[in-house]
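# A look at the structure
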Amino acid sequence: MEVKDILLRLRTQKHLSQSELAEQVHVTRQAVSRWETGETTPNPDTLKLLSLLFDVSINTLLGSPRKLICQCCGMPLDDSSVSHEPDGAINEEYCRWCYVDGKFIYANLTELTDFLVGHMANENWPEDEVRVFLNDQLPKLAHWRHAP
């Protein structure tokens, strides 16, 4: 789906006119019209405002051009699982279970690994194999890459 279609859909779902949306994100009605015809796209600052207003990630506004994963636990992210900053802004880097109100839940990699092993292990994937997998993959994520 293209940016123009996404913006039109989100605006109409919120029952906003182009003028009402323009007022809320501090642009002209003509700017909104140009977005919805595909003539232009919102600038980065406006994308942040639209993200807050519609409670979707900027990635979603741009048509999901990249696959998002939590940079703490590796879980795939969508608008229902991304975390939020204390001011309500969406944080596309972490899931809502690893990062809450500006704070990380897991103090260290061992704590996260123990939690994940307990939830991922099953008869087809024993705990020791899950632990080996996680010990290989988690340190590659941005949050843990430079952790002691």
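Attention in this report is confined to the structure presented alongside it. Within each chain, residues carry numbers counting from 1 in the order of the written sequence. Reporting of local features is limited, given that this is a predicted model, to residues whose pLDDT is at least 70; pairs of side-chain atoms are given and counted only at 80 or more, and all residues count toward the totals for whole chains, interfaces and linings. Based on all heavy atoms of the structure, the side-chain values leave hydrogens and waters out of the count.

Our focus in this paragraph is the side chain of Ser-51. Each helix is a run of DSSP H or I of at least 4 residues and each strand a run of E of at least 2, with the numbering of both proceeding from the N terminus. Relative to the elements of secondary structure, Ser-51 occurs in helix H4 (residues 44-54). Taking the relative accessible area as the measure of exposure, Ser-51 reaches 5% and is therefore buried. Note on definitions: a residue-residue contact is assigned when non-hydrogen atoms from the two residues lie within 4.5 Å. Setting aside residues up to four positions removed in sequence, Ser-51 forms contacts with Val-56, Ser-57, Ile-58, Leu-61 and Ile-90. Here's how the labels work: a residue is buried when its accessible area is under 20% of the maximum for its type, exposed when over 50%, partly exposed in between, all with a 1.4 Å probe on protein chains only.

A few words on the packing of helix H1 (residues 3-13) against helix H3 (residues 29-37). Fitted lines through C-alpha atoms serve as axes, helices being fitted only where they are in contact, and the angles separating the N-to-C directions of these axes extend from 0 to 180 degrees. Between H1 and H3, the least distance of the axes is 6 Å, while the angle of their chain directions is 125 degrees. Taken together, H1 and H3 sit at an angle that is classed as oblique. Side by side, H1 and H3 meet where Lys-4, Leu-7, Leu-8 and Arg-11 of the first sit next to Val-32, Trp-35, Glu-36 and Thr-37 of the second. Following the grouping adopted for this structure description, the nonpolar residues are Ala, Val, Leu, Ile, Met, Phe, Trp, Tyr, Cys and Pro, the charged ones are Asp, Glu, Lys and Arg, and the polar ones are all others, Gly among them. Looking at the contact of H1 with H3 residue by residue, the classes come out as 4 nonpolar, 1 polar and 3 charged. Reported orientations rely on four angle classes, namely roughly parallel under 35 degrees, roughly antiparallel over 145, roughly perpendicular from 65 to 115, and oblique for the rest.

Salt-bridge detection follows one rule: a side-chain nitrogen of Lys or Arg within 4 Å of a carboxyl oxygen of Asp or Glu. Under the definition given, this model contains 3 salt bridges. When the shortest N-O distance is used, the salt bridge between Glu-36 and Arg-11 registers 2.5 Å. Remark: Arg-11 occurs in helix H1 and Glu-36 occurs in helix H3; sequence separation between them is 25 residues. Residues Arg-131 and Asp-114 are paired through a salt bridge, measuring 2.9 Å at the closest nitrogen-oxygen approach.

Let us look at the packing of helix H6 (residues 109-120) against helix H7 (residues 127-137). For the pair H6 and H7, the least separation of the axes is 9 Å and the interaxial angle reads 135 degrees. With respect to their mutual orientation, H6 and H7 come out oblique. In this structure, the crossing between H6 and H7 has a hand that is right-handed. Where H6 abuts H7, its residues Thr-113, Asp-114, Leu-116, Val-117 and Met-120 lie against Glu-127, Val-130, Arg-131, Leu-134 and Asn-135. Its residues placed into classes, the contact of H6 with H7 shows 5 nonpolar, 2 polar and 3 charged. Take the far helix as the reference: if the near one is turned anticlockwise from it by less than a right angle, the crossing is left-handed, and if turned clockwise, right-handed.

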